[in-house]
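So the chains spell out like this:
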Amino acid sequence: MSVSHPQTLRLGLSSCPNDTFIFHALLHGIAPAPLPLQPHMADVEELNTLARQGKLDVTKISLGVVPWIMDDYALLSSGAALGWGCGPLVVARESLPPTAWRTASLAVPGAMTTANLLLTLHGGFHGPRRAMLFSDVMPAVARGEADLGLVIHEGRFTYERLGLVKVLDLGQWWEQEYHLPLPLGAIAVRRDIPLPTALALQRAIAASLACAQADPAASREFVRAHAQEMEEQVTEAHIKTFVTEFSLDLGPAGRAAIENLVGRAAVLQGRRLPVDGLFLSSE
């Protein structure tokens, strides 16, 4: 791949509170960016698709898509959604025993999402899956269009309002199975972006998050303007759950968790991890 020298950076981010919280200062000039940014805000599955097409210079992605993009993108140490107690939930209209999970139909928030990957790795769900926008999953289950729904983002805090019950917490399953924090999403940068620019962007994202943590009120209106769920308690719970110490810097534990998950995903896809590694080099 030839090295490109962009004058601007095409930035993909989701409208979820954790992303808007992290990127607020960067997008509003409070934390300086190494180059002007052209933001593209979209559902994470759309961002996954755009990353597979190579159309974004830097973007939030689901770790479930990494096997398809890891030759062209490297992962940054800042901006990730990774932690403990943050896993996707499987919900239903009524409690179902594990024997019923195997053939149950599922509404899922995109085929390339980490949530869908975790469902596959669990091994207990073999029924038909229907991919849809994450915000449509719970209503589809409530209407009886699917037996089970795979819930991410704000749905973790609101599924009971639709009369749904939790069947399985995939985060708890992952933690018990692998004794690692659960990696859900990360920031990926094209490998043909000059390394000094990519490293500067990594630092800028960390600085943007530090600004948000130092003054949470500054980003509140921006977060609420883009959130699916407008209740302040829900958005605050969302940020607390998905913005963790690993969001500032993955560190060894965060990298190990990502390598574990992506390694298993790569095996499923018959792919090998890149020789240069998954993460942006500091050399």
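Per an unreviewed UniProt entry, the protein is named 1,4-dihydroxy-6-naphtoate synthase, and its organism is Desulfovibrio legallii. For the protein, the Sequence similarities (unreviewed entry) comment in UniProt is given as "Belongs to the MqnA/MqnD family. MqnD subfamily." Taken directly from UniProt, the Catalytic activity (unreviewed entry) text for the protein runs: "cyclic dehypoxanthinylfutalosinate = 1,4-dihydroxy-6-naphthoate + dihydroxyacetone".

For the rest of this paragraph, the subject is the domain arrangement of the protein. Under the domain assignment used here, the protein contains domain 1 (9-83 + 181-269) and domain 2 (89-178). Listed per partner, the contact involves 33 residues of domain 1 and 23 residues of domain 2. Both faces combined, the contact of domain 1 with domain 2 buries some 2300 Å², and carbon together with sulfur accounts for 70% of it. Linking domain 1 with domain 2 are zero salt bridges. On inspection of domain 1 and its partner domain 2, the count reaches seven residue pairs in polar contact (both at pLDDT 80 or more). Residue assignment for the side of domain 1 that touches domain 2 shows that the elements contributing at least two residues are helix H2 (44-52), strand S11 (182-190), helix H11 (232-242) and helix H13 (251-268). For the side of domain 1 that touches domain 2, the element with the most residues is H13, which contributes six residues. Its residues assigned to classes, the side of domain 1 that touches domain 2 shows 18 nonpolar, nine polar and six charged.

Next up on the list: the sheet that holds strand S7 (residues 106-108). Ordered in space as S8-S7-S9-S6-S10, the five strands form an open sheet in which the pairing is mixed. The sheet terminates laterally at strand S8 (129-131) and strand S10 (165-169), the two strands that pair on one side only. Strand after strand, the sheet turns through a mean of 30° between neighbouring axes, direction not considered. As defined by bridge partners, strand S6 (residues 89-92) adjoins S10 across four bridges and the pair is classed as antiparallel. Considered in S10, the bridge of Leu 89 is made with Asp 169.

On to the UniProt feature "active site" (unreviewed entry) in the protein, then. Taking the UniProt record as the reference, the feature "active site" (unreviewed entry) is found at His 153. Residue placement: His 153 occurs in the loop between strand S9 (148-151) and helix H7 (155-158). Excluding its chain neighbours within four sequence positions, the residues that come into contact with His 153 are Cys 16, Val 44, Phe 134, His 238 and Phe 242.

Here helix H5 (residues 114-122) crosses H13 at 70°, and the two axes come no closer than 11 Å. As the angle between them shows, H5 and H13 are arranged roughly perpendicular. Of the residues in H13, those in contact with Thr 114, Leu 117, Leu 118, Thr 120 and Leu 121 of H5 are Leu 261, Arg 264, Ala 265 and Leu 268. Residue composition of the contact of H5 with H13, by class: six nonpolar, two polar and one charged.

With that settled, the discussion passes to the UniProt feature "binding site: substrate" (unreviewed entry) in the protein. UniProt tags Lys 60, Ile 61, Ser 62, Thr 114 and Ala 115 as "binding site: substrate" (unreviewed entry). Mapped onto the fold, Lys 60 is located in strand S3 (residues 58-62). Here Lys 60 is in contact with Gly 12, Leu 13, Asn 18, Asp 19, Leu 47, Ala 81, Gly 185, Ala 186 and Ile 187, once residues within four sequence places are set aside. Tracing the backbone through its elements, the reader meets Ser 62 in strand S3. When near neighbours in sequence (up to four residues on either side) are disregarded, Ser 62 contacts Val 44, Asn 48, Met 112, Thr 113, Thr 114, Leu 184 and Gly 185.

On to the packing of H5 against helix H8 (residues 170-178), then. H8 packs onto H5 with a crossing angle of 55° between their chain directions and a minimal axis gap of 11 Å. Taken together, H5 and H8 sit at an angle that is classed as oblique. Seen from above, H5 lies across H8 with left-handed handedness. For the pair H5 and H8, contact is made by Ala 115, Leu 118, Leu 119, Leu 121 and His 122 and by Leu 170, Trp 173 and Trp 174, respectively. Looking at the contact of H5 with H8 residue by residue, the classes come out as seven nonpolar, one polar and no charged.

This part is about the pairing of S9. Here S9 shows no split at all, with Leu 148 and Leu 150 on one side and Gly 149 and Val 151 on the other all buried. Two strands pair when backbone bridges link them, and S6 and S9 are joined in this way by four bridges, in the antiparallel orientation. By the bridge assignment for S9, Val 90 is matched with Leu 150. Alignment of S7 against S9, held across two bridges, turns out to be parallel. Bridge pairing in S9 places Ala 107 opposite Gly 149.

What follows deals with the pairing of strand S2 (residues 37-41). Inspection of the sheet shows strand S1 (residues 9-13) paired to S2 by five bridges, in the parallel sense. Bridging from a neighbouring strand, Leu 9 pairs with Leu 37 of S2.

Analysis parameters
- All residue numbers refer to position in the chain's written sequence, counted from 1.
- Per-residue local features are limited, in this predicted model, to residues with pLDDT of at least 70; the limit for side-chain atom pairs, both in listing and counting, is 80 or more; totals at the level of whole chains, interfaces and linings are taken over all residues.
- Excluding hydrogens and water, the side-chain values take into account all heavy atoms of the structure.
- UniProt positions are given in the numbering used here, feature names are shortened, and annotations may be inferred rather than shown by experiment.
- Residue ranges for the domains trace back to a domain assignment, done automatically or taken from a database.
- Between two residues, a contact is recorded if the distance between any of their heavy atoms is within 4.5 Å.
- Two parts placed together each lose some accessible area; with a 1.4 Å probe, that loss summed over both constitutes the buried area.
- The salt bridge criterion pairs a side-chain nitrogen of Lys or Arg with a carboxyl oxygen of Asp or Glu, the two atoms within 4 Å.
- Pairs of N or O atoms are called polar contacts if they sit within 3.5 Å, as long as, within protein, a hydrogen donor faces a hydrogen acceptor (for residues adjacent in sequence, only side-chain-to-side-chain pairs).
- Secondary structure follows DSSP: runs of H or I at least 4 residues long count as helices, runs of E at least 2 residues long count as strands, and numbering of each begins at the N terminus.
- Three classes are used, and their members are as follows: Ala, Val, Leu, Ile, Met, Phe, Trp, Tyr, Cys and Pro are nonpolar, Asp, Glu, Lys and Arg are charged, and the others, Gly among them, are polar.
- Only strands joined by at least two bridges in the DSSP assignment are considered to pair.
- Axis angles are defined between N-to-C directions and span 0 to 180 degrees, where every axis is a line fitted to C-alpha atoms and, for a helix, only to the segment in contact.
- Between 65 and 115 degrees an angle is taken as roughly perpendicular, under 35 as roughly parallel, over 145 as roughly antiparallel, and anywhere else as oblique.
- Crossing handedness follows the turn of the near helix against the far one: under a right angle anticlockwise gives a left-handed crossing, and clockwise gives a right-handed one.
- Exposed residues in this analysis have more than 50% of their type's maximum accessible area, buried residues have under 20%, and partly exposed residues fall in between, with area computed by a 1.4 Å probe over protein chains only.

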